[in-house]
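Residues per chain are reported as follows:
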Amino acid sequence: MNPKVEKLREERAKNCAKIEKLTARNKVIDEAVESLENSDIVGLVREQGLTPDELAKLLTALKTAPLPTEYIMREESHE
């Protein structure tokens, strides 16, 4: 067999191993990001003194009648 083929197969195998390691690391990073985001959300809700029932009602209300676009744009410009 052509030695170049074997060399390319070895290189591909190394690349696959690297991809597996990076994919696993990305999964860990994604979980850490989600955990931090969840902590931030819980903190914001507690800051406002909302109960879980009040939060559920608020989110349901926002789904049926979202905030006006001009309000959202005004809020984003303050950040």
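Residues numbered from 1 in each chain as written. Predicted model: local features only at pLDDT ≥ 70, side-chain atom pairs only at ≥ 80, totals over all residues. Heavy atoms only, no water.

Draft legend 1. Spatial organisation of the overall build of the protein. Broken down by element type, the protein carries three helices and zero strands. Helices and strands appear in the protein in the N-to-C order α-α-α. The 79 residues of the protein split such that 1% are buried. (Helix = DSSP H or I, 4+ residues; strand = E, 2+ residues; numbered from the N terminus. Buried < 20%, exposed > 50% of the residue type's maximum accessible area, 1.4 Å probe, protein only.)

Draft legend 2. How the structure looks around the confidence of the model for the protein. For the protein, the average pLDDT comes to 89, and 87% of its residues sit at 70 or higher. Per-element confidence in the protein is highest for helix H1 (residues 3-47), whose mean pLDDT is 97, and lowest for helix H3 (residues 69-77), whose mean pLDDT is 62. (pLDDT = per-residue confidence, 0-100.)

Draft legend 3. Layout of a negative patch on the surface. A cluster of acidic residues, Asp 30, Glu 31, Glu 34, Glu 37 and Asp 40, forms a negative patch at the surface. Looking at the element boundaries, Asp 40 is found in helix H1. Using a relative accessible area of 52% as the deciding quantity, one classes Asp 40 as exposed. (Patch = residues over 30% accessible without salt bridge, like charges linked within 9 Å, V, L, I, M, F, W, Y side chains within 5 Å. Areas by Shrake-Rupley, 256 points an atom, 1.4 Å probe, with all protein chains shown as cover. Salt bridge = Lys/Arg side-chain N within 4 Å of Asp/Glu carboxyl O. Lys, Arg positive; Asp, Glu negative; His and termini not counted. Charge placed at Lys NZ, Arg CZ, Asp CG, Glu CD.)

Draft legend 4. Spotlight on H1. Its 45 residues give H1 an end-to-end C-alpha distance of 66 Å, which sits within 8% of 66 Å, the value for a rise of 1.5 Å per residue. For H1, the side-chain oxygen to backbone nitrogen distance between the N-cap and Lys 4 is 3.0 Å, and the N-cap itself is Asn 2. Phi turns positive, to about 70 degrees, at Gly 49, one or two residues after H1. (Expected span 1.5 Å × (residues − 1). Polar contact = N/O pair within 3.5 Å; in protein donor to acceptor, adjacent residues only side chain to side chain.)

Draft legend 5. Expanded view of a nonpolar patch on the surface. Taken together, the side chains of Leu 58, Leu 59, Leu 62 and Leu 67 present a nonpolar region at the surface, about 320 Å² in accessible area. Structurally, Leu 62 can be placed in helix H2 (residues 52-64). Judged by relative accessible area, which is 34%, Leu 62 ranks as partly exposed.

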